[in-house]
Amino acid sequence: MYLAALLAALGVFAVQLAGGHHDVGGGHDASHDGADQDHEASAWSLVASTRFWSFALLAFGLVGSALTAFGLAGALTIAVLASGSGVASGFFAASVIRKLTSHPATSHSVASDVVGRVGRVIVPLVPGGMGKVRVEVKGGVVDYVARAKETIDAGESVLVEEAEEGEVVVSRVAHELGP
């Protein structure tokens, strides 16, 4: 029984690896707002996922087969340990994978990410003309085409007041506030 569960789980993983992963019943969260999600419904949706069953069968099969093969416990103890390991592994794996895939990370900056940040002028700015500023956004450095109402020399610190489509409007700030 344990060996059959182990082989079934390995078969499911092989099929998923070969053909791409399509999670039935647990790949999409019914609630887009995690704050008001019903915990009971969430647990049941995890149990309905192929991820849960894949990892549950894998742990059940591994623990049961290993304990049986080495004769480390009686049949009832092995069944309890294998079942507990399977359920725990299934819930843990399905929960972690769902959490990691529910909110995709992005390193792309948008206009709202740069407004209010302090940057440094790399191409001087003159009123009515264009220059360039460098601003740290989301752990990276981004250069923006910039406009200003005053002359600002290269190396000076600026505050980003507005941003739209890769272009920013800046104003001079005190050197103490600079990056």
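Before reading further, recall that the structure is shown in the block above.
What this report covers is the structure whose coordinates are included nearby. Please read all numbers here as calculations on a predicted model, not as lab measurements.

### A few points about the packing of aromatic side chains
Taken as a whole and judged by the stated rule, the model has four aromatic pairs. With a centroid separation of 5.1 Å and an interplanar angle of 50°, the aromatic rings of tyrosine 2 and phenylalanine 60 are classed as tilted. In this pair, tyrosine 2 sits in helix α1 (residues 2-19) while phenylalanine 60 sits in helix α3 (residues 50-70), placing the two residues 58 residues apart along the sequence. We classify tyrosine 2 as buried; its relative accessible area is 13%. On the basis of relative accessible area, phenylalanine 60 is assigned to the buried category, the value being 17%. Aromatic ring contacts, followed pair by pair, group Phe52, Trp53 and Phe91 into a single cluster.

### A few points about the sheet that holds strand β4 (residues 157-164)
Overall, mixed pairing links the five strands, which are arranged β1-β2-β3-β5-β4 in a closed barrel. Pairs of neighbouring strands in the sheet enclose a mean axial angle of 55°, with direction left out of account. Two strands pair when backbone bridges link them, and strand β1 (residues 118-123) and β4 are joined in this way by three bridges, in the antiparallel orientation. Its bridge partner being in β4, arginine 120 is matched across the sheet by serine 157.

### Quick look at the pairing of strand β5 (residues 167-172)
In regular strands, side chains alternate between the two faces of the sheet. Bridge analysis of strand β3 (residues 140-148) against β5 gives four bridges, and the strand direction is parallel. When the sheet's bridge partners are listed, arginine 147 is paired in β5 with valine 169. Two strands pair when backbone bridges link them, and β4 and β5 are joined in this way by six bridges, in the antiparallel orientation. Its bridge partner lying in β5, glutamate 162 is registered against valine 169.

### Observations regarding the nonpolar core
Grouped together as the largest cluster of nonpolar side chains are 14 residues, with contacts concentrated most on Leu125, Val133, Val168 and Val170. When neighbours within four sequence positions are excluded, valine 168 is seen to be in contact with Val114, Val133, Tyr144, Val145, Ala146, Arg147, Val160, Glu162 and Ala163. By size, the runner-up hydrophobic cluster in this structure holds six residues, among which are Tyr2, Phe60, Leu67 and Ile78.

### Here we look at the pairing of β3
Here seven bridges tie strand β2 (residues 131-137) to β3, and the two strands are oriented antiparallel to one another. Pairing of valine 135 across the sheet is with valine 142, part of β3.

### Quick look at the environment of threonine 68
By the secondary structure assignment, threonine 68 is in helix α3. Looking at threonine 68, the relative accessible area reads 43%, which means it is partly exposed. Here threonine 68 is in contact with Tyr2 and Ile78, once residues within four sequence places are set aside.

Here is what the cut-offs are and how they apply
- Counting from 1, residues in each chain are numbered in the order their sequence is written.
- Only residues with pLDDT of at least 70 get local features here, since the model is predicted, and only at 80 or more are side-chain atom pairs given and counted; chain-wide, interface and lining totals rely on the full set of residues.
- Note that the side-chain values use all heavy atoms of the structure and ignore hydrogens as well as water.
- Two rings belonging to Phe, Tyr or Trp (six-membered ring only in the last case) form a pair when the distance between their centres is within 6.5 Å. Interplanar angles under 30 degrees mark stacking, angles over 60 mark edge-to-face geometry, and anything in between is tilted.
- A run of DSSP states H or I qualifies as a helix once it reaches four residues; a run of E qualifies as a strand once it reaches two. Both are numbered from the N-terminal end.
- Here the term buried applies to any residue with accessible area under 20% of the maximum for its type, exposed to any over 50%, and partly exposed to those in between, with areas from a 1.4 Å probe on protein chains only.
- Any two strands are treated as partners once DSSP identifies two or more bridges connecting them.
- For helices, the fitted line uses only the C-alpha atoms of the stretch in contact; every axis is such a line through C-alpha atoms, and the angle between N-to-C directions lies from 0 to 180 degrees.
- We call a set of buried residues a nonpolar core when its members are Ala, Val, Leu, Ile, Met, Phe, Trp, Tyr or Cys and they connect through side-chain atoms within 4.5 Å of each other.
- Here, two residues are considered to be in contact whenever any of their heavy atoms come within 4.5 Å of each other.

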